[in-house]
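An overview of the molecular structure
Each chain, letter by letter, is given below.
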Amino acid sequence: MNRTTFRSRTAILAARTAALVTLALGSASGALAQGTAGAPPAESPLLKEGIRRVVQVTAMDLDVVATTKDGTPVNDLRKEDFVMKVDGRTYPIDYFTHVDSGTLHGPDLGQASPDLILETTAGDGGDRYLSRQFLIFFDDEHLLPFERQRVTEGLRDLITRLTPSDRVALVAYGGSSRVVVPFTSSKEALLDGLSRMDKIPPSGIRWESDYRRTVSEAQRSRPGTRQALINAWSQQVRAREKGTLDDLRRAVAALAARSGKRVLIYVSDGLELHPGQSFQQALGSLLSQWDESVLEDYRRVVAEANQSGITIHSFDAKGLTTDGDAGSSSPSPFSSFITNQNLRESLAGFANETGGLVVTNRNNFQPALDRIYRESSSYYAIGITLAAIDSRKSREHKIDVRSTRPGVTVRTRTSYATKTADQAVRDRIEMALMTPDASGDFPVGLAIASPRKGGGLGKRLAGYDVTIPLSSLTFTDEGGKKTAVFDVVIAAAQDTGARSEIVPVRRTITVQGDKWPQARGESFHYTGELKSGTGNYRFVAAVRDVATDRTGLASQATRIE
């Protein structure tokens, strides 16, 4: 998969601070810290922008949807009507709140988890409001134009119903994730983004054409040649599925950095957890084992979502299909019952394991989107304190929540794991790569110098300068010196959707005690060179103060010729 090549050279000190500050390499492989910045103000500007603060989690919070078997919501349950098991053991529920139309009403606030309260903002009447964050991920590698349009028609109605506190992002994956519309509350921008998408053919057209041609070729081939074709196709599909799952995981991480109720809508035909399985079955093979697998990549997406409290709703965009779909010019090899079941396995897994809905066998997606809209603002928030859970055996915990009231079914995520501070910062960076105006906890400057040729054929080298106010870092006294530890990341996103990997570098700043009064008003300059191709880039610098987990962010858009 196409990725932005990115390499950082050794950082050097700017002349202004060289006399005051000593730079030392800290341990990058030690235990991950889980510090805390303390409880942020409820009315933090970051919350109003929809960005989460990095704080130490104190409770296992779950969003639980309760319905009758026909999907009718049940809104009058009490704490006593739920049974919660963690790793097979029943635990008493410490926190219980009914979120109704996105509001935690005053009488319920005393029963709400402290972590949940930190996600809310206050209204004039004393109620607390929980914003909704939607990320709509179009898996264009697995979609055809008429399939995608079925879902976008329903999404247009959903967008017109959004409230001012809702934020939505549109992402289209076709070999890399292209942010069609970053997180916004603007209905006009979102509707325009859907219209622009309708004009861009999804990559699934090419894949279906290649699939038809390869199946036809294999059917005419001798057994030895046929097996070679099966193997080659399986490897191609494996690369496609791994790329899709990797970018989906990164999209989940970006959504995790948003504040409030977080929902990902995954629009696809489904992907093969055993690449090549459908190909063999299309040739009449009854083999039950396949050499290729992307199960571990799939599990990483699910784990990332459950770790972040994100609900995934899966939409099978094929809709009601036969061997000759009315929207297709000719019968598709993908439309057999067995093949559809293979593709739907992943769709069902994403939804079932994160407490979402899997929407299949329909051409009208509006009722399902209506239900998702309702359930994303009205649900039960239940939780238990982390201190009560035995975490000695595993950091990931299996969850089972049931209702004792007859006829009531509940949905929630099936596992839970706490995030380290390092992971939370990575989420912030992924979100910043997706959101041009993302803010940090403190100001950071970023300057990109004019690029020059170097680093290989067609590559460019450009200097960077990250300006870090020393007053934003936490310094401790050590033997007459002031010392601060920080992590710094330089990442890039190209307008094609390609992004660099996120690789933190840990650094230590030491200031002589007698120089501190002068140094505290200065800035530290982290400088070096980056390597990239040509095109339009947006560079992001992130600086994490390790002692408090506060993170500064800066970005700069640059055209590299």
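Just so you know, the residues in each chain are numbered from 1, in the order the chain's sequence is written. The predicted nature of this model means local features are confined to residues of pLDDT at least 70 and side-chain atom pairs, given and counted, to a pLDDT of 80 or more, with totals for whole chains, interfaces and linings taken over all residues. Side-chain metrics in this entry use all non-hydrogen atoms of the structure; hydrogen atoms and water are not considered.

Glancing now at the overall build of the chain. Secondary structure summary: the chain contains 13 helices and 28 strands in total. A buried classification covers 55% of the 561 residues belonging to the chain. Note on contacts: a residue pair is in contact if any heavy atoms of the two residues lie within 4.5 Å. Sequence-distant contacts, at least 24 apart, represent 75% of the contacts inside the chain between residues at least 6 apart. Of the accessible surface of the chain, which amounts to about 23,600 Å², a share of 50% is contributed by carbon and sulfur atoms. The secondary structure listing takes helices from DSSP runs of H or I that are at least 4 residues long and strands from runs of E that are at least 2 residues long, numbered from the N terminus. Exposure classes here rest on a 1.4 Å probe applied to the protein chains alone. A residue is buried below 20% of its type maximum, exposed above 50%, and partly exposed in between. Per-residue accessibility takes into account occlusion by the displayed protein chains alone, with areas from the Shrake-Rupley method and a 1.4 Å probe.

Chain-level pLDDT for the chain is 84 on average; 84% of the residues reach the 70-or-more range. Known as pLDDT, the predictor's confidence for each residue is given on a scale from 0 to 100. Taken element by element, the chain is modelled with least confidence in helix α1 (residues 15-18), mean pLDDT 35, and with most confidence in strand β13 (residues 310-316), mean pLDDT 97. Every residue in residues 1-43 scores below 50 in pLDDT, and together they form 118 contacts with partners more than four places removed in sequence or on other chains. Between residues 322-335, whose pLDDT stays under 50, and residues either more than four places distant or in other chains, the model counts 25 contacts.

Below, the discussion takes up the pairing of strand β20 (residues 445-448). Looking along a regular strand, one sees the side chains alternate between the two faces of the sheet. Only one face of β20 is buried: it carries Leu446 and Ile448, and the other face, with Gly445 and Ala447, is open. Here, strands pair whenever DSSP counts at least two bridges between them. Here four bridges tie β20 to strand β22 (residues 460-469), and the two strands are oriented antiparallel to one another. Bridging from a neighbouring strand, Ile448 pairs with Tyr464 of β22.

What follows concerns the environment of Gly349. With respect to the element layout, Gly349 can be found in helix α10 (residues 337-354). A relative accessible area of 11% means that Gly349 is categorised as buried.

What follows deals with the sheet that holds β13. Here we have six strands laid out as an open sheet, ordered β11-β10-β9-β12-β13-β14, and mixed in their pairing. Strands with a single pairing partner mark the edges of an open sheet, and in this sheet they are β11 (177-184) and β14 (358-359). Of the pairings in the sheet, the one linking strand β10 (residues 167-173) to β11 comprises five bridges and is antiparallel in character. Bridging from a neighbouring strand, Leu170 pairs with Val181 of β11.

Trans peptide bonds make up the majority, and among non-glycine residues the majority have a negative phi. At Ser101, a residue that is not glycine, the phi angle is positive and equals roughly 55 degrees. Secondary-structure assignment places Ser101 in the loop between β5 (95-99) and β6 (103-104).

This part is about the pattern of salt bridges. A side chain with one charge can pair with a side chain of the opposite charge if their charged atoms come near. Counted as salt bridges are all cases of a side-chain nitrogen of Lys or Arg within 4 Å of a carboxyl oxygen of Asp or Glu. Following the criterion strictly, the structure yields 38 salt bridges and no others. With a closest N to O distance of 3.1 Å, Asp63 and Lys261 form a salt bridge. Taken together, the residues Asp63 in strand β2 (residues 59-68) and Lys261 in strand β12 (residues 261-268) connect sequence positions 198 residues apart. Taking relative accessible area as the criterion, Asp63 reaches 24% and is therefore assigned partly exposed. Two residues, Arg452 and Glu529, come together in a salt bridge whose shortest N-O distance is 2.7 Å. Of this pair, Arg452 sits in strand β21 (residues 452-453) while Glu529 sits in strand β26 (residues 523-532), and the two are 77 residues apart along the sequence. A relative accessible area of 16% places Glu529 in the buried class. It is possible to trace a salt-bridge network through shared partners that takes in Asp247, Arg250, Glu430, Arg499 and Glu501.

Within this scheme, the nonpolar core is defined by two criteria: the residues are buried Ala, Val, Leu, Ile, Met, Phe, Trp, Tyr or Cys, and they are joined through side-chain atoms within 4.5 Å. If you look at the biggest cluster of nonpolar residues, it comprises 42 residues, and the most contacted ones within it are Leu135, Phe137, Leu264, Tyr266 and Phe350. Counting residues per element, this core draws most heavily on helix α7 (residues 223-256), at seven residues. In this view, Phe350 contacts Leu245, Leu248, Tyr266, Tyr298, Val301, Val302, Ile312 and Ser314; residues no more than four positions away in its chain are not counted.

Moving on, we get to the environment of Ser346. Within the fold, Ser346 resides in helix α10. Judged by its relative accessible area of 0%, Ser346 falls in the buried class. Separated by 51 residues in sequence, Ser346 and Leu295 place their C-alpha atoms 9.4 Å apart.

The axes used here are C-alpha line fits, helices contributing only the stretch in contact, and every angle between their N-to-C directions lies in the interval 0 to 180 degrees. Two elements in contact, helix α6 (residues 204-219) and α7, have axes whose closest approach is 9 Å; the angle formed by their N-to-C orientations is 165 degrees. As summarised for this structure, α6 and α7 are arranged roughly antiparallel, according to the angle between their axes. Regarding α6 and α7, the two cross each other, and that crossing is left-handed. Where α6 abuts α7, its residues Trp207, Asp210, Tyr211, Thr214, Glu217, Ala218 and Gln219 lie against Arg226, Leu229, Trp233, Gln236, Val237 and Arg240. Note that Gly is not counted as nonpolar here; it falls among the polar residues with everything else outside the nonpolar set of Ala, Val, Leu, Ile, Met, Phe, Trp, Tyr, Cys and Pro and the charged set of Asp, Glu, Lys and Arg. Split into classes, the residues belonging to the contact of α6 with α7 amount to six nonpolar, three polar and four charged. Here the angle decides the label: under 35 degrees means roughly parallel, over 145 means roughly antiparallel, 65 to 115 means roughly perpendicular, and every other value means oblique. Each crossing gets its handedness from the near helix: less than a right angle anticlockwise from the far helix is left-handed, clockwise is right-handed.

Further remarks concern the packing of aromatic side chains. Aromatic contacts are taken between Phe, Tyr and Trp rings whose centres are within 6.5 Å, Trp giving its six-membered ring; a plane angle under 30 degrees counts as stacked, one over 60 as edge-to-face, and the others as tilted. A complete count under the given rule lists 16 aromatic pairs for this structure. Taken together, a centroid distance of 5.8 Å and an interplanar angle of 75 degrees make the contact between Trp207 and Trp233 edge-to-face. Pair noted here: Trp207 is in helix α6 and Trp233 is in helix α7, with a separation of 26 residues, a long-range link. Considered together, Trp207 and Trp233 belong to a single accessibility category, that of buried residues. An aromatic cluster of three or more residues is present, and its members are Phe137, Tyr173, Tyr266, Tyr298 and Phe350. Counting as a charge over the ring demands two things of the Lys NZ or Arg CZ atom: a distance within 6 Å of the ring centre and an angle within 35 degrees of the ring normal. Over the ring of Phe183 we find Arg258, and its NZ or CZ is 4.3 Å from the ring centre.

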